[in-house]
Amino acid sequence: MLKQLLLMSAVCVMASSCTDTKQHSNPLLTEPTAPYGIMAYDQITIDDYREAIQEGMRQQKANIEAIVNNPEKPNFSNTIDAFDKSSEVLDRAFLTFGNMSGSNSNDSIRALETEAYAQLSKHNDDIYLNRALFDRVKVIYDQHCGNQGMEAEPLTHEQMSALRHIYRNFTKAGAALNDQEQEQLRALNLEISDLQVQFGQNLLHETNNTYVTVDSREELAGLPEANIEAAAQMAREQGQEGKYMFNMQRPSCNPVLQYCSNRELRRKVYEAYYNRGNRGNEWDNKAICGRLVRLRLQRAQLLGYKNCAEQILKDRMAQSTDKVYDLLSAVWKPAVAKAQEELADIRQEMQKDGIKGEPEGWDYMYYSSRAKAARYAMDEAQIAEYFEINNVLEGIFYVANKLYGLTFKEITGTVPTYEPSARVWEVSDKTGEVLAIFYGDYYPRDGKGAGAWMSDMRDQSYRMVDGKEVRVIPVIQNVCNMTKPQGDGPALQNLDNVTTMFHEFGHAMHYMMHNVHYNAVYNTETDFVELPSQVNEHWATEPEVLAVYAKHYKTGEVIPAELVQKMVESGQYGQGFATVEYLAASIVDMDLHCLESVPDSIDVMAFEEQTLAKWGIPRQILPRYRVTNFSHCMGGGYTAGYYCYMWSEVLDCDAFEAFKESGDIFNPELAERFRKSCLEPGSIDDGLTMYRNFRGQDPNPDALLRKRGLK
């Protein structure tokens, strides 16, 4: 069984060449010799991935045949546990293959990816549509969960949960369909897989290879010097010496939208960014997205659901589309009202520049930043001088230590890594035992996907060694696109980047602290998984934490109290825009996947426009991601699930209020209870049960509205 990656839909992979093929052994198929059992990532070749994937499939197929042909009566050990452990080699191959994907891409890698994911789709169908295997699983499920009153072997709580998850996965995958329906399902799964891969490859190309070029420095008025130098360097790398270039990675294009007074340049960058995948070229994603929506609906209806969203939400905390829309609707009205207030401020700022008429989308960030600076007398570039990236990491590690007793020892250079600029830490628990290995990959580069994410390069598990059960420590990766240093200068981050780093490390701690015995209970519900990441953001701007890491990159001076106060006071400014653009994307995602019929001629961009008009979104605010560059939705990781960030935000705001109410943001009792209830158990319990175990009550959504300044 290949565990699905929740945080990033993997699409490409790094490859290394080997000069002496006679002595080369495949790192994916041999026992690692590096410390902590870390794989030799720097030695893996394209052929190694291909070989390991094929061998992993062969081994799992043999393991499945052994389960099916076992003459003993089905029981947990010979069927459920055996199935859970059947894909060790394949899991290792695809975890490594997938987790390198967004970091280093090329044509050979994309070709292998297209080949490999098609094979995986067929392989998974062969397993989950295997009637003989499902029959054995069903016997055990009926014994423990049915109403037949059968005598059953005693199982632990975790084993019962693993059994339920595995049985549910078979039924969701179509195990109960007849032969003809299963063949239809196989064809749908294969085409959906192929299209999701193609979507991701197109988006990667559009993000990294769409440029806006500027001929003179004078056109960059207002842009910070570090960003000007970065644009000049990008132009040099593209053979445009003396010019300035911006691609569609956020660290490249966002500063233009926020700081540059050149309105025409802002328009060009804005339109290039939001129209990725929607430019009528060979990387256009419109037809792919329309086809994906149709195929997902066909698959859901074949499995007995009204629409795709109903199928997906059945096993989420939300459970129904009504509950999702209730949440989005509750926040929508106050968010739009706040956005209209912000637009009024923007109009005033534009009038100061003699610009008449309504603001456009490319005016929002620039004039909102000016309005915020005027209202709070705050210079964001000045604040960034206190957020040098290494100091930010120090603050992240400080919070992890104060809450959970974790300590960090850098081991970069002593263990293999997949990318020279990545750093590596040994993470020890409060007991002194090594808990995990953490890789940090923070700077943008060619071939690296946009955004930021966490993935596990090796899952936490248990293994028998000399008759004893030993915890296998996870290997965790944070991949981001932070502002990188120019020359010998510092890597100064804006507050949004700082928050992103805390967010992704929250994910990392979640998976570092996993303590489960079965793959089936490893991943949580998608609308729970953002709780650990988003709650960790709250500590980033607490004065006690800022005093530790927010130090001026030149003088070492701790950020002054008056600047901290301005940050606190201004923290809710701009939340109208931020909330509306998020809600808009969530609504489009849900509306597309709630359709119960999809015409062949569907125009996804026209559908998006109609949806936004129906909800009354201000025209100056586009969804955070438009359909053709909406990897969460179209890439497959968060299909009918982008709402999850806000669902989890209800949880994280309420959870942090528990710490604030206690009078100690590092309350050790609460931290330990959060760890035991929400971080360690995977999905042994459902998300709401885990949250209640921590908080003692259901979450209060008012905390979210207060945090965003909407109540």
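Everything numeric in this text was worked out from a predicted model, so none of it was measured. Residue positions are given per chain, counting from 1 as you read along its sequence in written order. Given that the model is predicted, a residue must reach a pLDDT of at least 70 before its local features are reported, and side-chain atom pairs must reach 80 or more before they are shown or counted; all residues, however, enter totals for whole chains, interfaces and linings. Working from all heavy atoms in the structure, the side-chain values ignore hydrogens and water.

Visitor: Let's hear about the overall build of the protein chain: which residues, and what values?
Guide: A count of helices and strands for the protein chain gives 28 helices and nine strands. Both definitions apply: the radius of gyration is a C-alpha atom measure, and the globule rule equals 2.2 Å times residues to the power 0.38. For 711 residues, the compact-globule formula gives about 27 Å, and the C-alpha radius of gyration of the protein chain, at 25 Å, lands near that figure. With the C-alpha coordinates aligned to their principal axes, the bounding extent of the protein chain is approximately 85 × 60 × 60 Å. Classification of residues uses two cut-offs on accessible area relative to the type maximum, computed with a 1.4 Å probe and protein chains only: under 20% is buried, over 50% is exposed, and between them is partly exposed. The buried share among the 711 residues of the protein chain stands at 58%. Residue pairs at least 24 apart in sequence account for 75% of intrachain contacts in the protein chain once pairs closer than 6 positions are excluded. Using the Shrake-Rupley algorithm and a 1.4 Å probe, accessible areas are obtained, with residue cover drawn only from the displayed protein chains. For the protein chain, the computed accessible surface area is about 28600 Å², with 47% contributed by carbon and sulfur atoms. Here the protein chain contributes 72 positively and 101 negatively charged side chains, and the mean placements of these two sets differ by 2 Å. Helix and strand assignments follow DSSP, with helices taken as H or I runs no shorter than four residues and strands as E runs no shorter than two, numbered in order from the N terminus. By the convention used here, residues are in contact when the closest approach between their heavy atoms is within 4.5 Å. The convention is simple: Lys and Arg are positive, Asp and Glu are negative, and His and the chain ends are not counted. Here the site of a charge means NZ on Lys, CZ on Arg, CG on Asp, or CD on Glu.

Visitor: Which residues make up the packing of aromatic side chains, and what values do they have?
Guide: Side-chain rings of Phe, Tyr and Trp, where Trp is taken by its six-membered ring, are said to pair if the distance between their centres is within 6.5 Å; with planes under 30 degrees apart they count as stacked, over 60 as edge-to-face, and otherwise as tilted. Counted by the stated rule, this structure contains 42 aromatic pairs. Taking 6.0 Å as the distance between ring centres and 90° as the angle between the ring planes, the aromatic pair formed by Tyr398 and Phe666 counts as edge-to-face. Remark: Phe666 occurs in the loop between helix H25 (644-662) and helix H26 (668-679) and Tyr398 occurs in helix H16 (residues 389-404); sequence separation between them is 268 residues. You can call Tyr398 partly exposed: its relative accessible area is 22%. With a centroid separation of 5.2 Å and 80° between ring planes, the pair formed by Phe674 and Phe694 is classed as edge-to-face. Of the two residues, Phe674 is situated in helix H26 and Phe694 in helix H27 (residues 687-695); the sequence distance between them amounts to 20 residues. Here Phe674 falls in the buried class, since its relative accessible area comes to 2%. Counting every residue linked through ring pairs, the aromatic cluster contains Phe83, Tyr128, Phe134, Tyr141, Tyr167 and Phe170. When the NZ atom of lysine or the CZ atom of arginine is within 6 Å of a ring's centre and also within 35 degrees of its normal, the charge is said to sit over that ring. Positioned above the aromatic ring of Tyr273 is the side chain of Arg276, whose terminal nitrogen or guanidinium carbon lies 4.1 Å from the ring centre.

Visitor: Outline the environment of Gly709, listing residues and values.
Guide: Along the polypeptide, Gly709 turns up in the segment after helix H28 (702-707). The exposure class of Gly709 is buried, given its relative accessible area of 16%. The spacing of Gly709 and Val424 is 285 residues in sequence and 38 Å in space, taken between C-alpha atoms. Once residues within four sequence positions are removed from consideration, Gly709 is found in contact with Lys338 and Gln572.

Visitor: An account of the confidence of the model for the protein chain is needed here, citing residue identities and associated values.
Guide: Confidence scores here are pLDDT values: one per residue, from the predictor, ranging 0 to 100. Of all residues in the protein chain, 96% have pLDDT values of 70 or greater, and the mean over the chain is 93. Scored below 50 in pLDDT, residues 1-21 makes 85 contacts in the model with residues more than four places away or belonging to other chains.

Visitor: Describe the pairing of strand S6 (residues 453-458), listing the residues and the values that go with them.
Guide: Counting buried positions along S6 gives six out of six residues, so the element sits mostly inside the fold. In the sheet, S6 pairs with strand S9 (residues 475-479) via five bridges, with the strands oriented antiparallel. Residue pairing in the sheet places Ser455 in a bridge with Gln477 of S9. Two strands are counted as paired when DSSP detects at least two bridges linking them.

Visitor: Summarise the sheet that holds strand S4 (residues 423-428); cite the residues concerned and give the values.
Guide: The strand order across the open sheet formed by five strands is S3-S4-S5-S9-S6, and the pairing between neighbours is mixed. The open sheet has two free edges, formed respectively by strand S3 (407-410) and S6, since each of these has just one partner strand. Between one strand axis and the next, the sheet turns by 30° as a mean value, whatever way the strands run. Fitted lines through C-alpha atoms serve as axes, helices being fitted only where they are in contact, and the angles separating the N-to-C directions of these axes extend from 0 to 180 degrees.

Visitor: Outline H26, listing residues and values.
Guide: Among the residues making up H26, those that are buried are Leu670, Ala671, Phe674, Arg675, Ser677, Cys678 and Leu679. For this analysis, a polar contact is any N or O atom pair within 3.5 Å, provided that within protein one partner can donate a hydrogen and the other can accept it, and provided that sequence-adjacent residues contribute only side-chain to side-chain pairs. With a side-chain oxygen positioned 3.0 Å from the backbone nitrogen of Glu669, the residue opening H26 is Asn667.

Visitor: Account for the environment of Leu622, with residues named and values stated.
Guide: For Leu622, the location among the structural elements is in the loop between helix H23 (604-615) and helix H24 (631-634). Classification of Leu622 by relative accessible area gives buried; the value is 17%. It is 8.6 Å that separates the C-alpha atoms of Leu622 and Val580, two residues lying 42 residues apart in sequence. Here Leu622 is in contact with Tyr270, Tyr274 and Glu581, once residues within four sequence places are set aside.

Visitor: I'd like a description of the packing of helix H9 (residues 250-259) against helix H10 (residues 263-274), backed by residues and values.
Guide: At a minimum axis separation of 9 Å, H9 and H10 run at an interaxial angle of 140°. As far as their axial angle goes, H10 and H9 are oblique. Along this stretch, H9 crosses H10, giving a crossing that reads as left-handed. Contact residues: Arg250, Cys253, Val256 and Leu257 in H9; Leu265, Arg266, Val269, Tyr270 and Tyr273 in H10. When an angle is under 35 degrees it counts as roughly parallel; over 145 it counts as roughly antiparallel; between 65 and 115 it counts as roughly perpendicular; any other value is oblique. Crossings are assigned a handedness: left-handed for a near helix turned anticlockwise from the far helix by less than a right angle, right-handed for a clockwise turn.

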